[in-house]
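These are the residues of each chain, in order.
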Amino acid sequence: MRSLINITDLTLDEIDELIVTANDIIANPAKYSEKCRGKKLATLFFEPSTRTRLSFEAAMYELGGNVIGFSEASSSSSAKGESVSDTVRTVSCYADIIAMRHPKEGAPLVASMKASVPVINAGDGGHNHPTQTLADLLTISREKGKIGDMTVGFCGDLKFGRTVHSLIVALSRYENIRLVLISPDELRIPEYMKTDVIKKNNMPYAETNDLDEVMSSLDILYMTRVQRERFFNEADYIRLKDSYILTPEKLLTAKSGLSVMHPLPRVNEISTAVDEDPRACYFKQVMNGKFIRMALILKLLEEAAK
Ligand code: CP
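Below is a summary of the structure that appears in this document.

Definitions and cut-offs
- Residues numbered from 1 in each chain as written.
- Predicted model: local features only at pLDDT ≥ 70, side-chain atom pairs only at ≥ 80, totals over all residues.
- Heavy atoms only, no water.
- Helix = DSSP H or I, 4+ residues; strand = E, 2+ residues; numbered from the N terminus.
- 1 Å grid on protein atoms, 1.4 Å probe; cavity = no way out; pocket = protein on both sides within 12 Å on 5 of 7 lines; lining within 4 Å.
- Points joined across faces, edges and corners; volume = space filled by probe spheres on them.
- Nonpolar A, V, L, I, M, F, W, Y, C, P; charged D, E, K, R; others polar.
- Core = buried A, V, L, I, M, F, W, Y, C linked by side-chain atoms within 4.5 Å.
- Buried < 20%, exposed > 50% of the residue type's maximum accessible area, 1.4 Å probe, protein only.
- Domains from an automatic or database assignment.
- Contact = heavy atoms within 4.5 Å.
- Near = heavy atom within 4 Å.
- Polar contact = N/O pair within 3.5 Å; in protein donor to acceptor, adjacent residues only side chain to side chain.
- Areas by Shrake-Rupley, 256 points an atom, 1.4 Å probe, with all protein chains shown as cover.
- Salt bridge = Lys/Arg side-chain N within 4 Å of Asp/Glu carboxyl O.
- Phe/Tyr/Trp six-rings, centres within 6.5 Å; stacked < 30°, edge-to-face > 60°.
- Lys NZ or Arg CZ within 6 Å of the ring centre and 35° of its normal.
- Axes fitted to C-alpha atoms, helices over the stretch in contact; angles between N-to-C directions.
- Parallel < 35°, antiparallel > 145°, perpendicular 65-115°, else oblique.
- Left-handed = near helix turned anticlockwise from the far one by under 90°.

Our next topic: the environment of Ser83. Its location among the elements puts Ser83 in the loop between strand S2 (66-70) and helix H3 (84-91). For the pair Ser83 and Ala111, spaced 28 residues apart in the sequence, the C-alpha separation amounts to 9.7 Å.

This is the structure:
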């Protein structure tokens, strides 16, 4: 049974096909409105979410399907001690495909080994968020007309930000991507990301804690929230949370063709005054997330039916 746990579960050709399908859905939504008639998606969210859960649900409704699920662990029998394995074996009896978010790294992988329907990782702890990565890749492709030959700056919490880790893994497979990693020292990208992904794939990269210094070199600026829920110490979070705040003034030295991205939710790291700047792409990412999830649901259900 084909699931999506890590972005590397998809080949580059498959990602390209998903982008093509998502673009076709955007252009011809009516063509897809009955594709999942009679099918059910289960959204099992053991951690809070707005975009991922609701975009999955909107995606399934726009494909003509139905949705069941829960939005917090406390309203499921996991609150009584039920395991992830038993939960997904149960839900496999009711749904054709599962989207799961869980605070424990690896929980969706365990789920995929026990479920009899496809499981999509909708975010596991500080580990992976492959469907956000697909939304990001669709956004880059639509904004730039390509994925490659560009300098991408990641700014903020590069230690705990699962969207950063997933997107860098994905970008490592494209040609000529230069990384600029901008963070406080305490929130630098983990060593394993540098060794196993960035250096292994010979990606040119620089690390700095000064966003102003590198702004003019960037084609994409991917801002991130400091992940309060992953900190052990509230004092450290308070000290680091406002390390970077993007304002219109800070963008004065940026390229006119810069794309400002953010997986959202934001807290303070992008001033709302930036929202009107044509270079702000984060609400386009939100919309693209629904379309690429539609494409993914279609692909996994088609493969499951073979
Ligand atoms: N980007 C993202 O995962 O947002 P949510 O946490 O709201 O789903």
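All right, on to the layout of surface pockets then. Empty space among the atoms becomes apparent when a probe as large as a water molecule is rolled across them. Counted as a void, the largest pocket has a volume near 380 Å³. Arg101, Arg162, Arg225, Leu264 and Pro265 are, among the 21 residues lining the largest pocket, the residues nearest its centre. Counted by class, the lining of the largest pocket contains four nonpolar, ten polar and seven charged residues. Approximately 210 Å³ is the volume found for the second largest pocket. Every residue along the wall of the second largest pocket is listed here: Glu17, Leu18, Thr21, Tyr32, Lys35, Ala295, Leu298, Lys299, Glu302, Glu303 and Lys306. In terms of residues, the lining of the second largest pocket owes the most to one element, helix H10 (residues 282-305), which gives five residues. Taken together, the residues of the lining of the second largest pocket sort by class into four nonpolar, one polar and six charged.

The next point concerns the nonpolar core. Counting 59 residues, the largest nonpolar core has Leu134, Leu137, Phe154, Ile168, Leu171 and Leu179 as its most contacted members. Mapped onto the domain boundaries, this core takes at least three residues apiece from domain 1 (7-128 + 287-304) and domain 2 (131-285). Leave out the neighbours within four places in its chain, and Ile168 touches Phe154, Leu179, Leu181, Ile189, Met193, Val197, Ile198 and Met203. By size, the runner-up hydrophobic cluster in this structure holds 20 residues, among which are Cys155, Leu221, Val260 and Ala280.

This paragraph deals with the site of the ligand. Taken together, Ser49, Thr50, Arg51, Thr52, Arg101, His129, Gln132, Pro263 and Leu264 form the complete shell of residues around the ligand. Side-chain polar atom of Gln132 to a nitrogen atom of the ligand: 3.0 Å apart, as the coordinates give it. The fraction of the free accessible surface of the ligand (260 Å²) that becomes covered by protein chains is 92%. Here the shell around the ligand spans two domains, and each of domain 1 (7-128 + 287-304) and domain 2 (131-285) adds at least three residues to it.

With that out of the way, let us pick up the pattern of salt bridges. Taken as a whole, this structure holds 20 salt bridges when the rule is applied. Note that Glu207 is salt-bridged to Lys194, the shortest N-O span being 2.9 Å. A residue pair is termed long-range when its members are at least 10 positions apart, and Glu207 in strand S7 (residues 205-208) and Lys194 in helix H7 (residues 191-199) qualify at 13 residues. With a relative accessible area of 27%, Glu207 lands in the partly exposed category. A relative accessible area of 7% places Lys194 in the buried class. Notably, a salt bridge pairs Asp277 with Arg279, separated by 2.9 Å at the nearest N-O pair. The residues Asp277 and Arg279 share a single accessibility class, namely buried. Each of Asp185, Arg188, Glu191, Lys194 and Glu207 takes part in a single network of salt bridges with overlapping partners.

With that settled, the discussion passes to the packing of aromatic side chains. Enumeration according to the criterion identifies three aromatic pairs in this entry. Plain terms: the ring middles of Phe154 and Tyr222 are 5.3 Å apart, the flat faces sit at 50° to each other, and that makes the pair tilted. Here the residue Phe154 occupies a position in strand S5 (residues 150-155), and Tyr222 occupies one in strand S8 (residues 220-223), the gap between them amounting to 68 residues. Among the residues examined, Phe154 registers a relative accessible area of 0% and is labelled buried. The residue whose ring lies beneath Lys35 is Tyr32, and the NZ or CZ to ring-centre distance is 5.8 Å. Residue placement shows Arg293 over the ring face of Phe56; its charged tip is 5.2 Å from the ring centre.

Close contact between helix H1 (residues 12-27) and H10 brings their axes to 8 Å; oriented N to C, the two are set at 120°. Considered as vectors, H1 and H10 are oriented oblique to each other. Pair H1 / H10 crosses with right-handed handedness. When H1 is examined against H10, the residues Glu14, Glu17, Leu18, Ile19, Thr21, Ala22, Ile25 and Ile26 are found in contact with a partner set consisting of Asn288, Phe291, Ile292, Met294, Ala295, Leu296, Leu298, Lys299 and Glu303. Classifying every residue of the contact of H1 with H10 gives eleven nonpolar, two polar and four charged.

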